[in-house]
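Chain and residue survey
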Number of protein chains: 2
Amino acid sequence: MLASHLKVGIGPPQRLEELKNMKKNEPMTICPCAITIAMLSSKWKILIIRELLKGTCRYRDLREQVFGVSQKMLTQSLKELEADGLVARRVYPEVPPRVEYSLTDDGNSLRPVIQVLDAWGAHYVVEKEPDYVATRLTSTRQKIVG
Amino acid sequence: MLASHLKVGIGPPQRLEELKNMKKNEPMTICPCAITIAMLSSKWKILIIRELLKGTCRYRDLREQVFGVSQKMLTQSLKELEADGLVARRVYPEVPPRVEYSLTDDGNSLRPVIQVLDAWGAHYVVEKEPDYVATRLTSTRQKIVG
DNA sequence: CCGAATCCCACTCGATACTG
DNA sequence: CAGTATCGAGTGGGATTCGG
């Protein structure tokens, strides 16, 4: 089951010639790791997913645990994650309302990915010059403090 | 060797109370996986690293292989990757000039990370609705086509 | 309690032109 | 060949206010 205009290319990205000769709506090679990055590279998403990896969570709890996230960004991130099929949203017909978020199977399949990212980041941050790491990390869009 | 104001926290991100009680220049907990994402989440970096994983490369070659990247973004990305210690830059005193880029040990240590990202992305893209994947991926900042 | 709607700024990135 | 410099558009995200 593969989009007619998408062709998964694992391994080296396609060469220049391939793209030069490509016409519209023709199969094109995409880079899978770039897709994963695209899914995760928003200021708060990784922190949200981290939290959801611990288990089902209410909206309010996420607001507390993901420190610093605004209502707008939390809602927006969750909406995108749901659209991406990584997060499930369950609304209870109560007053006041209650909404619970949890990871789907696809979302949970990110666990080993997160673990690898976590391990690399941890190793990187301890072996680098502390001062550089500090300034580098404060000048990035990505939220680092969980 | 750890920044005095940084404290690496592997595992769950710190709780709200920890941050509430945090004062300036006091040790704070950071999220390692967010660091890794911060390193990679620029429109072209992952594609550049992918290319460098194949071996040393000249500036010109990168411009060809990383299709669509502008001079400005390629230069800027390489400069940041070098500052991050992931890429090494070697200039040869020749005319016309020749500059070669390669991954440092830290950069090469990303290989298993990239592989995991690659595997997850590949699995994701083939099991998802093709139409959704297509629109989702064209509306992202991250460059997907290598 | 869980959002939606609006306004606005900062930053990323692309296009173009220039240089040693 | 391998970059700089500059300008401008688009967008991600913060702050605030309103709604069911």
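Predicted model, so just to flag it, every value in this text is computed and none were measured.

The rules behind each value
Residues numbered from 1 in each chain as written. Chains lettered and ligands numbered in written order. Predicted model: local features only at pLDDT ≥ 70, side-chain atom pairs only at ≥ 80, totals over all residues. Heavy atoms only, no water. Near = heavy atom within 4 Å. Polar contact = N/O pair within 3.5 Å; in protein donor to acceptor, adjacent residues only side chain to side chain. Helix = DSSP H or I, 4+ residues; strand = E, 2+ residues; numbered from the N terminus. Salt bridge = Lys/Arg side-chain N within 4 Å of Asp/Glu carboxyl O. Buried < 20%, exposed > 50% of the residue type's maximum accessible area, 1.4 Å probe, protein only. Pairing = 2+ DSSP bridges. Contact = heavy atoms within 4.5 Å. Axes fitted to C-alpha atoms, helices over the stretch in contact; angles between N-to-C directions.

Here we come to the protein's contact with DNA strand D. In the neighbourhood of DNA strand D, 20 residues make up the surrounding shell, with A:Lys72, A:Arg141, B:Gln71, B:Arg89 and B:Tyr101 lying closest. Within 4 Å of the protein, the contacting atoms of DNA strand D are 65% sugar and phosphate, with bases supplying the remainder. Between DNA strand D and A:Arg141 there is a distance of 2.5 Å, counted from a phosphate oxygen to a side-chain nitrogen or oxygen. If you list the elements that add at least two residues to the surface near DNA strand D, you get helix 5 (71–83) of chain A together with helix 4 (59–65), helix 5 (71–83) and strand 5 (98–103) of chain B.

With that settled, the discussion passes to the pattern of salt bridges. Evaluation of the coordinates by the stated rule reveals 14 salt bridges over all chains. The partner of B:Lys128 in a salt bridge is A:Asp106, and the shortest N-O contact between them spans 3.7 Å. With one member in each of two chains, B:Lys128 in the loop between helix 7 (111–127) and helix 8 (130–138) and A:Asp106 in helix 6 (residues 105–108) form a pair that bridges those chains. In this structure B:Lys128 comes out as buried when scored by relative accessible area, which is 16%. Among the residues examined, A:Asp106 registers a relative accessible area of 14% and is labelled buried. Of the charged contacts, one joins B:Asp84 and A:Arg136 as a salt bridge, the two residues approaching to 2.6 Å between their closest N and O atoms. Of this pair, B:Asp84 sits in the loop between helix 5 and strand 4 (87–92) while A:Arg136 sits in helix 8 (residues 130–138), on two different chains.

Residues and elements named next belong to chain A. What the three strands build is an open sheet, ordered 3-5-4; its pairing is antiparallel. Strand pairing shows two members of the sheet lacking a second neighbour, strand 3 (57–58) and strand 4 (87–92), which therefore form its edges. Pairing geometry for strand 4 and strand 5 (residues 98–103), over six bridges, is antiparallel. Looking at the pairing, Tyr 92 lines up with Arg 98 of strand 5. The sheet strands contacting helix 3 (residues 45–52) are strand 3, strand 4 and strand 5, and the helix crosses strand 5 at an angle near 95 degrees.

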